[in-house]
Amino acid sequence: MNHLILMVLFVVIGLILQTVKQVGQWTIPRWAPFVSWSIAILLFLSTSFVIIEQDKIGHLKRVLFSKDMPPGQIIAFDGQKGPQADILGPGFHLIPLVNILYDVEQFPVVEIPKGSYGLLTAKDGEPLGARQYIAKGWSDKKFNDLLNAKNFLQEGGQKGPQLNVLRPGTYRINYYLFDVKRQPALNVKAGEVAVIKSNVQEHDDCPSSEEVAHSVKAASGSAMSVTLVPKGCIGVWTEPLLPGRYYLNEEAYTATIIPTRARTWVYLGGYDKRRIDLTVSDDGKIHQEASSRNIPKPKGAADQAIIVTAEGWRIPLDVRVVVQVDP
């Protein structure tokens, strides 16, 4: 603001010096007004450029000579006060009176390291629908529009957590609009699959909630009591994720790792082993003496021994089972 006052002051002084040729006995030189105007031009130029560092993002916040934003709006467009949608990349930028009309802030570029992804949360945009808890997704072709604050707001972007995530890489995004939270990627190892439960619907041809409820009711009491749905629908997907790395939004999807390697389950112990010793006395009478010993279930066993009944006898059987889950 002080620079602006000085610019106006030197312009006025130049006009005065051009009009008034002499002050008392002192004659004003012809070049005097041009000196005053040159100083005003230098002051104007000094307030009209900004240099953004290579690893930074320039953010502008308009503070003077603009109209206020409507209530509830966070990001300002052209002609409005407040945080601006446009950002500045690295380098020299010539913008008239930028250092007077705006507060200029520099933030570091967003870096997502290998093996991680970035969760995006928008602070402005259209409100979520009544049955939404996460914003609708953007196609891969329009992903750059999602990251451009002006396009995001003009094309119906929704405020709140976003379905799309940032994959490993470097991004220049508007900090005034987006918060970024780094999360570890989902790693499905060899010999495993990930069963996905989705909380969002990404396609229009998904079964309705009534159809899913009817399927679950029909399957009750059977070996499968959970209805599977196509990938991209709400529910447990029919298609598991095979070994690999996935940048899966944990706000939208829940992954359960299921081993698919052959495993051995043993059922041992957990019963009392009884023994009866028989002896015959000299007079021919049979005497019996009972003893028992507890056989504990060993650590790592799937469960205790299997108890079978044969002719009234309860017989514990140690069992070894080899099992494998179909991916």
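Residues numbered from 1 in each chain as written. Predicted model: local features only at pLDDT ≥ 70, side-chain atom pairs only at ≥ 80, totals over all residues. Heavy atoms only, no water.

**Focus: the nonpolar core**
Grouped together as the largest cluster of nonpolar side chains are 19 residues, with contacts concentrated most on Leu-146, Leu-147, Phe-152, Leu-166, Tyr-171, Leu-177 and Phe-178. Where this core is concerned, the elements lending two or more residues are strand S8 (110–112), strand S9 (116–122), helix H4 (143–147) and helix H5 (149–154). Counting residues in each nonpolar core, the second largest holds 15 residues, with Ile-134, Leu-163, Val-188 and Ala-194 among its members. (Core = buried A, V, L, I, M, F, W, Y, C linked by side-chain atoms within 4.5 Å. Buried < 20%, exposed > 50% of the residue type's maximum accessible area, 1.4 Å probe, protein only. Helix = DSSP H or I, 4+ residues; strand = E, 2+ residues; numbered from the N terminus.)

**Remarks on the sheet that holds strand S4 (residues 56–62)**
Spatially, 3 strands are ordered S5-S4-S7 in an open sheet, and the strand pairing comes out antiparallel. Among the strands making up the open sheet, the edge pair consists of strand S5 (82–88) and strand S7 (102–108). Strand-to-strand twist in this sheet, taken as the mean axis angle between neighbours without regard to direction, amounts to 30°. Relative to S5, S4 runs antiparallel, the two sharing 4 bridges. Each bridged residue has a counterpart across the sheet, and for Lys-61 the counterpart in S5 is Pro-83. (Pairing = 2+ DSSP bridges. Axes fitted to C-alpha atoms, helices over the stretch in contact; angles between N-to-C directions.)

**Looking at the layout of surface pockets**
As a volume, the largest pocket reaches approximately 660 Å³. The set of elements that each furnish at least two residues to the lining of the largest pocket consists of strand S10 (160–166) and strand S17 (244–246). Considering every element that reaches the lining of the largest pocket, the biggest residue donor is S10, with 4 residues. By residue class, the composition of the lining of the largest pocket is 12 nonpolar, 6 polar and 5 charged. (1 Å grid on protein atoms, 1.4 Å probe; cavity = no way out; pocket = protein on both sides within 12 Å on 5 of 7 lines; lining within 4 Å. Points joined across faces, edges and corners; volume = space filled by probe spheres on them. Nonpolar A, V, L, I, M, F, W, Y, C, P; charged D, E, K, R; others polar.)

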